[in-house]
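Here is how the chains run, residue by residue.
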Amino acid sequence: MERTLAIIKPDGTAARLIGEVIRRIEDEGLVIVAMRMELLSERKAEGFYFVHRHKPFFHSLVKFMTSGPVVLMVLEGDNAISRWRTLMGATDPRKADAGTIRRDLATDIERNVVHGSDGPDTAVYEINYFFKGDELCSGY
Ligand code: CDP
Ligand code: MG
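The rules behind these values
- Residues numbered from 1 in each chain as written.
- Chains lettered and ligands numbered in written order.
- Predicted model: local features only at pLDDT ≥ 70, side-chain atom pairs only at ≥ 80, totals over all residues.
- Heavy atoms only, no water.
- Buried < 20%, exposed > 50% of the residue type's maximum accessible area, 1.4 Å probe, protein only.
- Helix = DSSP H or I, 4+ residues; strand = E, 2+ residues; numbered from the N terminus.
- Arc of directions from axis to C-beta.
- Contact = heavy atoms within 4.5 Å.
- 1 Å grid on protein atoms, 1.4 Å probe; cavity = no way out; pocket = protein on both sides within 12 Å on 5 of 7 lines; lining within 4 Å.
- Points joined across faces, edges and corners; volume = space filled by probe spheres on them.
- Near = heavy atom within 4 Å.
- Polar contact = N/O pair within 3.5 Å; in protein donor to acceptor, adjacent residues only side chain to side chain.
- Areas by Shrake-Rupley, 256 points an atom, 1.4 Å probe, with all protein chains shown as cover.
- Sits in = over half its atoms within 2 Å of the grid points.
- Lys, Arg positive; Asp, Glu negative; His and termini not counted.
- Salt bridge = Lys/Arg side-chain N within 4 Å of Asp/Glu carboxyl O.
- Pairing = 2+ DSSP bridges.
- Axes fitted to C-alpha atoms, helices over the stretch in contact; angles between N-to-C directions.

(A) Broad picture of helix 4 (residues 58–65). Buried within helix 4 are the following residues: Phe58, Leu61, Val62, Phe64 and Met65. End-on view of helix 4: buried residues confined to an arc of 160 degrees, all on one side of the axis. Opposite its buried face, helix 4 presents the exposed residues His59 and Lys63, each directed more than 90 degrees away. For helix 4, the secondary structure elements touched by its buried residues are strand 1 (2–8), helix 1 (10–14), helix 3 (42–48) and strand 3 (70–77).

Put into structure tokens, the structure is as follows:
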């Protein structure tokens, strides 16, 4: 059993894709064990994407991620991290496989609808960044 952080980004909430993304998560058999909508502050978005702080796209990414509400979720299941990454598709929607969220629904490499943790350590860090232990409804 593994957990991962999923985010529906501001382009996804603006396009009314919350239900569509959640449908795909539940159809895959991943269990949503925590969920909250939030308008991220600049500081919180910068902290979340700290590893990308020196990248050329960092400031644009923070501006985008604070441009509207996001939906924060913790997903649980066997191999949840890689299964959620597979559902999402590649970062650049033009390179994402057919049938993935990003290929089907994303606008471009920045406005790509969803976030997913990229490994076990990142998943723990990212889940703790947004949720307290008692906010996770595990095992229902
Ligand atoms: O989200 P993912 O793990 O697939 O990609 P990342 O390399 O960790 O980048 C984080 C986010 O930064 C992406 O999801 C995009 O929203 C954005 N990004 C961008 O705007 N331009 C790039 N060349 C790469 C990433
Ligand atoms: Mg990443």
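(B) Quick look at the layout of surface pockets. What the largest pocket holds in volume is close to 570 Å³. Taken together, 21 residues line the largest pocket, and the ones lying closest to its centre are Tyr49, His52, Phe57, Leu61 and His115. Elements with a minimum of two residues in the lining of the largest pocket: helix 3, strand 4 (114–116) and helix 7 (120–130). Of the residues forming the lining of the largest pocket, the biggest block, 3 residues, is contributed by helix 7.

(C) Representation of the site of ligand 1 within the structure. Around ligand 1, the neighbouring residues are Lys9, Tyr49, His52, Phe57, Leu61, Arg85, Thr91, Arg102, Ile109, Glu110 and Asn112. Taking Arg102, its side chain carries an N or O atom lying 3.0 Å from an oxygen atom of ligand 1. Bound to the protein, ligand 1 loses 80% of the 510 Å² it would expose on its own. One can see that ligand 1 is located within the largest pocket.

(D) Inspection of helix 5 (residues 80–88) at higher detail. Within helix 5, the full set of buried residues consists of Ala80, Ile81, Trp84, Leu87 and Met88. Projected down its long axis, helix 5 shows its buried positions confined to an angular sector of 130 degrees, all on one face. Tucked inside the fold, the buried residues of helix 5 contact strand 1, helix 2 (18–27), strand 3, helix 6 (101–105), strand 4 and helix 7. Gly89 sits one or two positions beyond helix 5 and adopts a positive phi of about 90 degrees.

(E) The side chain of Lys9, seen in detail. Residue placement: Lys9 occurs in the loop between strand 1 and helix 1. Buried Lys9, no salt bridge; nearest opposite-charge side chain is Asp11, N-O distance 6.7 Å.

(F) Structural view of the sheet that holds strand 2 (residues 31–38). Taking strand neighbours across the sheet as the criterion, the 4 strands line up as 2-3-1-4 in an open arrangement whose pairing is antiparallel. Each edge of the open sheet carries a strand with a single partner, namely strand 2 and strand 4. Each adjacent strand pair in this sheet contributes to an overall mean axis angle of 20 degrees, direction not counted. One ladder, built from 3 bridges, connects strand 1 with strand 4; its direction is antiparallel. Its bridge partner being in strand 4, Ile7 is matched across the sheet by His115.

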